[in-house]
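Survey of secondary and tertiary structure
Okay, here's what each chain looks like letter by letter:
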Amino acid sequence: MGEVSAFQAFLATYQSLADWIKALWLIVPPAFVFAMTALLLRAKRSIPAPEPDGELVYTVYRDASGRYRVLRHASPDAPDDMPALLALDHDQPGLIPPARRG
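In this text the structure is predicted, and so the values were computed from the model without any measurement. (Residues numbered from 1 in each chain as written. Predicted model: local features only at pLDDT ≥ 70, side-chain atom pairs only at ≥ 80, totals over all residues. Heavy atoms only, no water.)

**Regarding helix H2 (residues 19-46)**
Side chains of residues three or four places apart in an α-helix project in the same direction, reflecting 3.6 residues per turn. Going by this rule: Under the DSSP-based scheme used, a helix requires at least four consecutive residues in state H or I and a strand at least two consecutive residues in state E, with every element numbered from the N terminus. How far a helix is expected to stretch is found by multiplying one less than its residue total by 1.5 Å. Each residue is assigned a bend, namely the angle between axes fitted to the seven residues that terminate at it and the seven residues that start at it.
The first and last C-alpha atoms of H2 sit 40 Å apart over 28 residues, in line with the 40 Å expected at 1.5 Å per residue. The largest bend along H2 measures about 25° and falls at isoleucine 27, with the proline proline 29 one to four residues further on.

Put into structure tokens, the structure is as follows:
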């Protein structure tokens, strides 16, 4: 007799099983993957998003001419003499790369 590999032994064992057990072998692995995915997605949805402890104060954006602007988000009790739009001037223009167009 020749050598029998582990895979051949597994197939011989599988062939000798009852039909209902063979059906379980075909159904259980995909059902397990489906159930595990459903549980992970449900757990991900149930985790609440962290709420920020502070407040949004400034937003930095680039206008159409390529200049950076700082938009101040004022709270209701902020003084009215503070400008809402500030120019972002810096002495090292290479620190902020130019915007890519395309």
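Next comes the rest of the account.
**A short note on the packing of helix H1 (residues 6-15) against H2**
Applicable threshold: To obtain each axis, a line is fitted to C-alpha atoms, and for helices this fit is confined to the stretch in contact; angles are then taken between N-to-C directions over 0 to 180 degrees. Any angle from 65 to 115 degrees is called roughly perpendicular, while one under 35 is roughly parallel, one over 145 is roughly antiparallel, and all others are oblique. Residue contacts follow a heavy-atom distance rule, with two residues in contact if any of their heavy atoms lie within 4.5 Å. Charged means Asp, Glu, Lys or Arg here, nonpolar means Ala, Val, Leu, Ile, Met, Phe, Trp, Tyr, Cys or Pro, and polar covers whatever is left, Gly included.
Between H1 and H2, whose axes approach to 9 Å, the crossing angle comes to 125°. As summarised for this structure, H1 and H2 are arranged oblique, according to the angle between their axes. Counted together, Phe10, Tyr14 and Gln15 of H1 and Lys22, Trp25 and Leu26 of H2 form the full contact between these two elements. Here the contact of H1 with H2 is built from residues that sort into four nonpolar, one polar and one charged.

**Some points on the packing of aromatic side chains**
To keep things clear, this is the line we draw: Ring pairs shown here join Phe, Tyr and Trp side chains whose ring centres sit within 6.5 Å, with only the six-membered ring taken for Trp; geometry is labelled stacked below 30 degrees between planes, edge-to-face above 60, and tilted in between. Accessibility here uses a 1.4 Å probe with only protein chains present; expressed as a share of the type maximum, an area under 20% marks a residue as buried, one over 50% as exposed, and anything in between as partly exposed.
Summed over all chains, the structure comprises three aromatic pairs. Relative to tryptophan 25, the ring of phenylalanine 10 lies with its centre 5.6 Å away and its plane at 65°, an arrangement referred to as edge-to-face. With phenylalanine 10 in helix H1 and tryptophan 25 in helix H2, this residue pair connects regions lying 15 residues apart in the sequence. Classification of tryptophan 25 by relative accessible area gives partly exposed; the value is 46%. The interplanar angle of 85° and the centroid separation of 6.4 Å between the aromatic rings of tyrosine 14 and tryptophan 25 together place this pair among those described as edge-to-face.

**Looking at the pairing of strand S1 (residues 58-62)**
Under the convention used in this document: Two strands are said to pair when DSSP picks up at least two bridges between them.
Here S1 pairs with strand S2 (residues 68-72) via five bridges, running antiparallel. Bridging across to S2, tyrosine 58 finds its partner in arginine 72. What sits between the antiparallel neighbours S1 and S2 is a turn of five residues, in which glycine 66 has the positive phi angle 95°.

Nothing here speaks to function; it is all geometry.
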